[in-house]
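# Analysis of the macromolecular model
Okay, here's what each chain looks like letter by letter:
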Number of protein chains: 2
Amino acid sequence: MTDKISFLKQAPAVFCAGGVTLHPMKENKYDQEGFFAAYSRFPRSERGLAAAGEWHRLRRLFPSTGGKRVLDIGCGFGWHCAYAAGQGAAYVLGTDISGKMLAEARRRNPHPVIEYRRRAMEELEFPDGSFDVVVSSLAFHYTPAYGELCCRIYRWLTPGGELLFSVEHPVFTAEGRQQWAETVDGGTVWPVDNYFTEGPREAEFLGHTVIKYHRTLTTYTETLLQAGFIITAIEEPRPELPSPEIPEQMRDELRRPMMLIVAARKPADAQC
Amino acid sequence: MTDKISFLKQAPAVFCAGGVTLHPMKENKYDQEGFFAAYSRFPRSERGLAAAGEWHRLRRLFPSTGGKRVLDIGCGFGWHCAYAAGQGAAYVLGTDISGKMLAEARRRNPHPVIEYRRRAMEELEFPDGSFDVVVSSLAFHYTPAYGELCCRIYRWLTPGGELLFSVEHPVFTAEGRQQWAETVDGGTVWPVDNYFTEGPREAEFLGHTVIKYHRTLTTYTETLLQAGFIITAIEEPRPELPSPEIPEQMRDELRRPMMLIVAARKPADAQC
């Protein structure tokens, strides 16, 4: 991605123009039986947004959806689609690469204005200005094609349209194993390594090996700015309770950032 | 700072209004003889910007200074002041808490449009709209009063005015010791810990214990946004050579981010 960023800076128009060849890799781990079963038992899968640690921050940043057309990329069980619909969206399109996820979304979160469509995020195609709001929760770290996706989302949004997404934090993805490291003095630290070496990482997740793409904070933000977006928020969600009241098993969440939330807007006076 | 952020979100106007009581702590390590002598032998002290690893990125983001009034907060030996003056600034004010630093700045980087003034950054006072450009290199992590400073800088800038600063990266400051950690498997990693516990850290620097303030990325960026700034760039500088050509002693600079550069602009239509 670093090379792409350098390239972006030299020629954003070419980079963002149509006809970009997307990377071929599209992993569909969620349709594997064992993985899906494990994912389905996650609190956030079973109980939805209330069980998602970052929802208190994401909700505050969630664009108003009243009367708007909303796209949710990597919608999973459809919890964010349901929220957008509940807030009065005129139309919500939830897309996901996994048929199993979408079957569950249709079962748990049906709504007259929601359409669920099976599509890898790299394969999404829409006319310019198709949506007023684009959201994505914890999906962009699964694609190697973040730069192209940002440019496409920019085009799909109407002027003034809003993008809100969360990803695993660069601090969380850099080293790759996504485990605390034991140090020689008997403690543990969160390991950061290979930070500027962007690209795939194999991590253990729910007992399976999953490929996620590490990107630097620079790439996450500069790619948006180069695509034309205005950044309106950058947040690292953390437990909101006062420290003594945080349950033991959540204390580690104060030790390192796990997620990054970014909100951005297409300028209201954008020409395209 | 986290509490301040919450507070900021509730009442930015009050937070940013005049008359804010600043934190009392202003450390002036650089006027201690041994520390200053060690600092003076740093390549970036002796040879200036060309020897500063991040300058290649900072320069690309440096606001144009032709005919403008520029403030450099924590100017040190005055290298950035000289650059701004060399680019045609009408007036450059370099401020620093250290008299020794300023004596050196006057000797090494004198210029008819540059004024050097001894002042802790927490004590700076200017009329609204005094500057078109504010820059600061590796100084803001020394103040506990980043939030107040952002609000003040916003007021000191003219509408459309630009802020560019670098700080030690949150990944670099979080754990505190600023050393690679040895792991039980015989390797080293950069340790992140206590990320969301913002505040002072004691690190060894040039053989002395120095107090620096750790802040999260969220605090660095959200504070600016809440103060009214538009963020125009967020960059983590890294060696620019292709990996095989990076000298052995610089390889570690690809393993973890050390600095964060942020560029921001006061909206051209700002009312105050």
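Within each chain, residue numbers correspond to sequence positions counted from 1 in written order. The lettering of chains begins at A and the numbering of ligands begins at 1, in the order of writing. Owing to the predicted nature of the model, reporting of local features is limited to residues with pLDDT of at least 70; listing and counting of side-chain atom pairs is limited to 80 or more, with chain, interface and lining totals taken over all residues. Each side-chain value is derived from all of the structure's non-hydrogen atoms; neither hydrogens nor water enter the calculation.

## Things to note about the side chain of Arg238 of chain A
Helix and strand definitions follow DSSP, with helices as H or I runs of at least four residues and strands as E runs of at least two, each counted in order from the N terminus. Secondary-structure assignment places Arg238 of chain A in the loop between strand S10 (230-235) and strand S11 (259-265). Of the polar contacts made by the side chain of Arg238 of chain A, one reaches the backbone oxygen of Phe196 of chain B; its length is 3.4 Å. Contacts described as polar in this section are N or O atom pairs within 3.5 Å, which, within protein, must combine one atom able to donate a hydrogen with one able to accept it, while residues neighboring in sequence count only if both atoms come from side chains.

## Observations concerning the confidence of the model for chain A
Residue and element names in this part refer to chain A. Overall, the prediction assigns chain A a mean pLDDT of 88, with 90% of residues at 70 or greater. Scored below 50 in pLDDT, residues 1-24 makes 44 contacts in the model with residues more than four places away or belonging to other chains. Both scores are available for the predicted complex, with the pTM at 0.88 and the ipTM at 0.87. By definition, pLDDT measures how confident the predictor is in each residue, and it falls between 0 and 100. Residue contacts follow a heavy-atom distance rule, with two residues in contact if any of their heavy atoms lie within 4.5 Å.

## Let's talk about helix H6 (residues 79-86) of chain A
Residues and elements named next belong to chain A. Three or more residues of H6 are buried, namely His80, Cys81, Ala84 and Ala85. Relative to the axis of H6, the buried residues are bounded by an arc of 140° and lie together on one face. Those residues of H6 hidden inside the fold are in contact with helix H5 (55-61), strand S1 (69-73), strand S2 (91-96), strand S3 (114-118) and strand S4 (131-137). Where H6 terminates, the next one or two residues include Gly88, which has phi positive at roughly 100°. When accessible area is computed with a 1.4 Å probe and restricted to protein chains, residues below 20% of their type maximum are described as buried, those above 50% as exposed, and intermediate ones as partly exposed. Working note: the arc is built from the helix axis to C-beta atom directions.

## Concerning the sheet that holds S2 of chain A
In any sheet, the strands associate via hydrogen bonds between backbone groups, in a parallel or an antiparallel arrangement. Residues and elements named next belong to chain A. Read across the sheet, seven strands follow the order S3-S2-S1-S4-S5-S11-S10 without closing on themselves; strand pairing throughout is mixed. A single partner strand is all that each edge strand has here, and the edge strands are S3 and S10. Recorded for the sheet is a direction-independent mean angle of 15° between the axes of neighbouring strands. Relative to S11, S10 is paired through five bridges, and the arrangement is antiparallel. By the bridge assignment, Ala233 is partnered in S11 with Ala263. One bridge is not enough; two strands pair if DSSP finds at least two bridges between them. Axes, fitted as lines to C-alpha atoms, cover a helix only where it is in contact. Angles between the N-to-C directions of the axes lie from 0 to 180 degrees.

## Considering the state of the cysteines
The criterion for a disulfide is a pair of cysteine sulfur atoms lying within 2.5 Å. Under the definition given, this model contains zero disulfides over all chains. Between Cys150 of chain A, a free cysteine, and Cys151 of chain A, which holds the nearest cysteine sulfur, the sulfur-to-sulfur gap is 6.8 Å. Assessed through its relative accessible area of 1%, Cys150 of chain A is described here as buried. Free cysteine Cys81 of chain B: the closest other cysteine sulfur is in Cys75 of chain B, separated by 4.6 Å. On the basis of relative accessibility, which here comes to 0%, the residue Cys81 of chain B falls in the buried class.

## Description of the relation of the copies chain B and chain A
The two chain copies are connected by a rotation around an axis plus a translation along it. The transformation that overlays chain B on chain A combines an axial shift of 0.0 Å with a rotation of 180°, and the residual RMSD is 0.0 Å. Such a combination of turn and shift is consistent with a two-fold rotation axis. By C-alpha distance to the rotation axis, the residue of chain B lying nearest is Thr183 of chain B, at 2.0 Å. Of the interface residues in chain B, 100% have counterparts in chain A that sit at the interface too, so the contact is made through matching surfaces. Residues reaching a pLDDT of at least 70 in both copies supply the C-alpha atoms on which the copies are superposed by least squares.

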